[in-house]
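A look at the structure
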Amino acid sequence: MFNRANLAPVEAAPKAFGAATLRQPQAARLPLQCARFGRCRAFTLAELLVSVGVLVLLVFLFTQLLNSAATITTLGHKQMDSDSQTRQVLDRMAIDFAQMVKRSDVDYYIKSSWFASASPPGPSGVRSLLQPGNDKIAFYSTVPGYYPPNGSQSPVSLIAYRVNPQNKLERMGKGLVWNAVSTTDTPVVFMPIPLASPIPTPELPDPAPNPTLAPAWPSAIDFTASPTPEPSVEVIGPQVFRFEYYYLLKGQTNPAAPTPTPTPYSPIFSDTPWDTRICACPSPTPIATPTPTGTPIATPTPPSLCCHVAPEGMQDVAAVVVVIAVIDPKSKVLLSDATNPPQIAQVASQLIDWGNTSCPNCPSQIQWQTTPGLLRTQWQNALNGITSLPRPAISGIRVYERYFYLSPPTLLTP
C-alpha cells in the first residue's frame, strides 16, 4: 500500500529542516554583507558629539533648576522661621500692652530721650532715660506672671522687655502679691516708690519724700542686680537682636490754653511719653503765666504742674510703636561670635535709634515726628548697605514694626 505519493511528505521534512539549519550562518553574516554593500549605517563621530553635548546641556539645565528650587525653598523656610517667631513675640507684647496699668500714681520705666538730647532743653530735674542701642521698658500689667510660692497672688505682674548681652530678647513676667501679705516679696508699689530708676522731683508728690526712695525692682533693667539670674525672666525672642520703641502722641488741644481759641495739636511721633507742647498754666490771680513755647516749663504756681513733664498714666500716648530686627537661625550661624564685638552686635550697632539726627543722611527732627515707618526704612537701608559681612547672613535679617494702641488712663490724680 506504499507508493511515492505517500513518501513525498516524509522526504520533504528533512529538506526543510536542513534549509533552516543552513540559514543561521547566513543570518549571522548579514551585517557584514550590509556593510559591504552599503545598505546599513551607524552613528558618525559628529553625531555622537552632538548627542552627548545635548545630554550634558539638559543635565546642566536640570541641575540649575534643582538649585534654584532649593534656594527658593531655603529662603522660604528662613522667612517662615522669622515670621513665626516675630508673630509670637508681637502677639505677647500686644497682650501685655493692652492690659497695661495706666494710672498716674504708679511708675513706669520707659525711655524719654528728647530731653537728654538737649534740643530743646527741658525743665530741670525731669527724668531723662536716654537709651542708646537696644531699648528697655518696664510697666505693670494685669496679666499672669511667675508668682512667689507664698502670699496671696494679685492680678498684676511687672512686665519688662530687654535684649540681653547674648543679643536675645527677654521678657520679665514677675507676678506680684497683694500689699501687706508678705514680708519678703515686694507687692505692687505706688508713687513715690520708683519702679526701676530714681524719680526726679517734678514727678514726685508735694512734699517730696526725703531721702529719695530706692527703686523696687532694679533687676527689671539691670542684668547684674540681685537676684541673678532673675527667675521671672525668660528668653522670648532668641532671634530678635534689635529692639526699639517710640510713641504716637494723641492729637489734642491744650486744656489750659486761653479760650475761646485753644491751640490744637496734631498727632506726632515722639520718643518722650508725654506731649511737650502742652504747657500753659491758668491762674485766677494776676500771677505771670508761662508763655506756651512748645517747651515744658515746670512751675510751682498752681501747685499741680500744668506742663506735661511725666507719663501721668500715659495720658498723652495713643500707641507704643515697636520695631524689631530678626535673624533666622540658618543665617545667624554665618555670623561669627569670635570677633569683638560679635558680628551680630556689629549689625545691631548700624541700626540707628529713633530720632537720631546726627548721623550722615539722617532724617530731620520734623521728619522723625511726622513720617510713619521711617525707622523701619532707615534700618532696611542700613542693612542693604552692609558689605563687610556675609551677604547671605544679612539677607536673612528682617525688620518688623507694629503699633500697640493704648486705652485711656483709668486714674489721673492732680
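This write-up is about the structure you can find in this document.

Calculation criteria
- Residues numbered from 1 in each chain as written.
- Predicted model: local features only at pLDDT ≥ 70, side-chain atom pairs only at ≥ 80, totals over all residues.
- Heavy atoms only, no water.
- Helix = DSSP H or I, 4+ residues; strand = E, 2+ residues; numbered from the N terminus.
- Contact = heavy atoms within 4.5 Å.
- Areas by Shrake-Rupley, 256 points an atom, 1.4 Å probe, with all protein chains shown as cover.
- Disulfide = S-S within 2.5 Å.
- Buried < 20%, exposed > 50% of the residue type's maximum accessible area, 1.4 Å probe, protein only.
- Polar contact = N/O pair within 3.5 Å; in protein donor to acceptor, adjacent residues only side chain to side chain.
- Pairing = 2+ DSSP bridges.
- Axes fitted to C-alpha atoms, helices over the stretch in contact; angles between N-to-C directions.
- Core = buried A, V, L, I, M, F, W, Y, C linked by side-chain atoms within 4.5 Å.
- Salt bridge = Lys/Arg side-chain N within 4 Å of Asp/Glu carboxyl O.

With that out of the way, let us pick up the overall build of the chain. The number of helices and strands found in the chain is nine helices and 10 strands. Long-range pairs, those at least 24 residues apart, make up 68% of the contacts in the chain between residues at least 6 apart in sequence. On the chain, roughly 22,500 Å² of surface is accessible, and the fraction owed to carbon and sulfur atoms is 61%.

A full pass over the atoms with the stated rule returns one disulfide. The side chain of C359 participates in a disulfide bridge whose partner is C362; the two sulfur atoms lie 1.3 Å from each other. Its torsion about the S-S bond being 40°, the disulfide of C359 and C362 is classed as right-handed. For C362, a relative accessible area of 15% corresponds to the buried category.

On to the side chain of E170. Relative to the assigned elements, E170 resides in strand β3 (residues 169–177). Among the polar contacts made by the side chain of E170, one reaches the side chain of N164 at a distance of 3.0 Å. Among residues more than four places away in sequence, those in contact with E170 are A160, Y161, R162, N164, F223, V233, E234, V235 and I236.

The strands making up a sheet associate through hydrogen bonds between their backbones, and the pairing can be parallel or antiparallel. With respect to topology, four strands assemble into an open sheet ordered β8-β5-β9-β10, the strand pairing being antiparallel. The open sheet terminates on both sides in strands that have one partner only, identified here as β8 (268–270) and β10 (397–405). The average angle at which neighbouring strand axes cross in this sheet is 25°, direction not considered. Bridge count for strand β9 (residues 317–327) against β10 is nine bridges, and the pairing is antiparallel.

Before going further, it helps to spend a moment on the nonpolar core. Of all hydrophobic cores here, the largest spans 49 residues; its most connected members are M93, F97, Y140, F243 and V322. For this core, the secondary structure elements donating two or more residues are α3 (45–98), β1 (137–141), β2 (153–163), β3, β4 (233–237), β5 (240–249), β9 and β10. Of all hydrophobic cores here, the second largest spans 31 residues; its members include F269, I344, I352 and W354.

Take the environment of F404 next. By the secondary structure assignment, F404 is in strand β10. Among the residues examined, F404 registers a relative accessible area of 4% and is labelled buried. Residues in contact with F404, not counting those within four places in the same chain, are L90, M93, A94, F97, A318, A319, V320 and V322.

For the structure shown, the criterion picks out 10 salt bridges. We note a salt bridge from D105 to R103, for which the minimum N-O separation is 2.7 Å. Residue D105 is classed as buried on the basis of its relative accessible area of 17%. With relative accessibility at 26%, the residue R103 sits in the partly exposed group. A salt bridge links D135 to K111, with the nearest nitrogen and oxygen atoms 2.9 Å apart. Placement of D135 in the loop between α4 (113–116) and β1 and of K111 in the loop between α3 and α4 is noted, with a sequence separation of 24 residues between them. Of the two residues, D135 and K111, both sit in the buried class.

With that out of the way, let us pick up the sheet that holds β1. Taken in spatial order, the four strands of this open sheet run β1-β2-β3-β4, and their pairing is antiparallel. Looking at which strands have only one partner, the edges of the open sheet turn out to be β1 and β4. Neighbour-to-neighbour, the strand axes of the sheet open up by a mean angle of 25°, direction not taken into account. Relative to β4, β3 runs antiparallel, the two being bridged by four bridges. Its bridge partner lying in β4, E170 is registered against V235.

Take the environment of D337 next. Structurally, D337 is set in the loop between α5 (329–332) and α6 (343–349). Remark: the alpha-carbon pair of D337 and Q166, spanning 171 residues in sequence, is separated by 9.9 Å.

Time to look at helix α8 (residues 374–384). If you check which residues of α8 are buried, you get L374, L375, Q378, W379, A382 and L383. Tucked into the core, α8 has its buried residues touching β5, β9, α6, α7 (365–370), α9 (391–394) and β10.

Judged by how many residues are buried, β2 sits mostly within the fold: nine of 11 residues are covered. Summarising the sheet, β1 and β2 pair through five bridges and their orientation is antiparallel. Its bridge partner lying in β2, I137 is registered against Y161. Looking at chain direction, β2 and β3 are connected through eight bridges and run antiparallel. If you follow A160 over to β3, its bridge partner there is M172.

Shape is all these values report; function is a separate question.
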